[in-house]
Amino acid sequence: MRFVVIMDPISTVKVDFDTSFAFMEEAQKRGHQVDHCVNTDLYLDRSRLYARVSPATMQRDPRAPITLGPAEDVCLHDVDAIFVRTDPPFDSNYLWCTLMLDRVKHDTFVMNDPHGLRQANEKLYACYFPELMPETVVTSHKDRIRAFLKRIGGQAVLKPLGGMGGEGVMVLKEGDPNINAIIEATTDNGRRLAMVQVFLPEVKIGDKRILLLEGEPVGALLRVPQNEEVRSNMRVGGTAVKVGVDDADRRIIATLAPRLRQDGLWFVGIDVIGGHLTEVNVTSPTGLQAMSRLDGKSYVSTVIDWVERRVRGAGK
Ligand SMILES: Nc1ncnc2c1ncn2[C@@H]1O[C@H](COP(=O)(O)OP(=O)(O)O)[C@@H](O)[C@H]1O
Ligand SMILES: [Mg+2]
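The text that follows walks through the structure, step by step, so that each part is easy to find. (Residues numbered from 1 in each chain as written. Chains lettered and ligands numbered in written order. Predicted model: local features only at pLDDT ≥ 70, side-chain atom pairs only at ≥ 80, totals over all residues.)

A few points about the sheet that holds strand S9 (residues 136–139)
Inference 1: Read from one edge of the open sheet, four strands run S9-S12-S10-S11, paired in antiparallel fashion. The open sheet has two edge strands with one neighbour each: S9 and strand S11 (170–173). Across this sheet, the average inter-strand angle for adjacent strands is 25°, counted without regard to direction.
Inference 2: Note: strand S10 (residues 155–160) against strand S12 (residues 194–198), five bridges, orientation antiparallel. Of the residues in S12, the one forming a bridge with leucine 158 is valine 196.
Inference 3: Contacts from helix H4 (residues 142–151) reach S9, S10, S11 and S12 within the one sheet, and its direction differs from that of S9 by about 170°. (Pairing = 2+ DSSP bridges. Helix = DSSP H or I, 4+ residues; strand = E, 2+ residues; numbered from the N terminus. Axes fitted to C-alpha atoms, helices over the stretch in contact; angles between N-to-C directions. Contact = placed C-beta atoms within 7 Å.)

Set out below in structure tokens:
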């Protein structure tokens, strides 16, 4: 099979951390051809979608995990699967990439569905399920944020809608002399929406990442924040701890699954803190490698097996 992976430049790849790298390495092991490109390498010519790609070779070498061969043009209608794995921000190039991919998805399997990627801002998507979420308001208005903080007892988390990896996530505490400055910075003085949410003290125990494939759990891990930090993301020093998927998680997953399938959000990562859903990561969810190491299982095989079945099912 031939897989095209649309992602960030290969210089960003972390060999033991990236889920995209794990997908590419596993595909290579199975003898598939794997091509790399960035989202601005797509091009449309007479309504056919193409990309300028480079064949990728993967090796477990932290200095050069991926080496690229000479670039070539490929018609994306003729390949077997396309993985969209670009990290946020969701900028104009990202949006245009999903609009271009809409044209090819009936010929070639795209993970995740470009329509679903447009539907699902990682923070806002969870708001479709208010019964699963901690109390939350999305606004750019300082007065509304301050009123919410008062209403919920004086401690909240303020997050930019487009962030990832814990970027810009701040704790708001009534009485903090920096409170106005924090709100102004996050909302760009009232010009940008932000999410303000009840602070969940259970975050000290950890933020559970569960990876879902077609609405079913693949595996989970608990990210525990270091020292006084509230952000548990591994990018900011959170440590990964072995954890299972419990009945409460299964209830959350069962509620989300029909909508995820409807939106073509085949591979997503949900974040659960103290039994509450806080985020649905759809653009480039990660954690697969750490999860596999903790559980002594090859979760990447689960995903690539599934992709191969989708491709075969499509009759390619
Ligand atoms: N409501 C909350 N209460 C306590 N901590 C939170 C809350 N929301 C987020 N956090 C902390 O901030 C981290 C990042 O938040 P999250 O919403 O997952 O955004 P992202 O991972 O995209 O940056 C979480 O892993 C968690 O440690
Ligand atoms: Mg998160």
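A short note on the site of ligand 1
Inference 1: The environment of ligand 1 is made up of 25 residues, and the closest members are Val157, Leu200, Val203, Asp207 and Ser232.
Inference 2: Those elements that place two or more of their residues in the shell around ligand 1 are S10, S12, strand S16 (267–273) and strand S17 (276–281).
Inference 3: Partitioning the shell around ligand 1 into residue classes produces eleven nonpolar, seven polar and seven charged.
Inference 4: Looking at which domains feed residues into the shell around ligand 1, each of domain 2 (135–199) and domain 3 (202–281) supplies at least three. (Near = placed C-beta within 6 Å. Nonpolar A, V, L, I, M, F, W, Y, C, P; charged D, E, K, R; others polar. Domains from an automatic or database assignment.)

Quick word on the nonpolar core
Inference 1: Ranked by size, the top nonpolar core spans 66 residues in total, and within it Val4, Ile6, Ile82, Phe83 and Met111 carry the most contacts.
Inference 2: Three or more residues apiece are contributed to this core by two domains, here domain 1 (2–114 + 303–313) and domain 3 (202–281).
Inference 3: Apart from the residues within four sequence positions on either side, phenylalanine 83 is in contact with Phe3, Val5, Ile6, Phe23 and Met111.
Inference 4: Ranked by size, the runner-up nonpolar core spans twelve residues in total, among them Val157, Met170, Leu172 and Met195. (Core = buried A, V, L, I, M, F, W, Y, C linked by C-beta atoms within 7 Å. Buried ≥ 20, exposed ≤ 12 C-beta atoms within 10 Å, placed from the backbone.)

Details of the pairing of S12
Inference 1: Within S12, four of the five residues are buried, which leaves it mostly tucked inside the rest of the structure.
Inference 2: Inspection of the sheet shows S9 paired to S12 by four bridges, in the antiparallel sense. Paired with threonine 136 across the strands is glutamine 197, a residue of S12.

Examining the packing of helix H1 (residues 19–29) against helix H8 (residues 299–313)
Inference 1: Where H1 contacts H8, the axes come no closer than 10 Å and their chain directions differ by 70°. When the axis of H1 is compared with that of H8, the two are roughly perpendicular. Here H1 runs over H8; the crossing is right-handed. Contacts between H1 and H8 pair Ala22, Phe23, Glu26 and Ala27 from the former with Val300, Ser301, Val303 and Ile304 from the latter. (Parallel < 35°, antiparallel > 145°, perpendicular 65-115°, else oblique. Left-handed = near helix turned anticlockwise from the far one by under 90°.)

Considering the pairing of strand S13 (residues 207–213)
On a regular strand, each side chain points to the face opposite its neighbour's, so the side chains alternate between the two faces of the sheet.
Inference 1: Taking burial as the measure, the seven residues of S13 include six buried ones, the bulk of the element.
Inference 2: When S13 meets strand S14 (residues 216–224), the two strands line up antiparallel, connected through seven bridges. Of the residues in S14, the one forming a bridge with lysine 208 is leucine 222.
Inference 3: Following S13, the chain reverses through two residues before pairing antiparallel with S14; glutamate 214 in that reversal takes a positive phi of roughly 50°.
Inference 4: Bridging between S13 and S16 involves six bridges; their strand directions are antiparallel.

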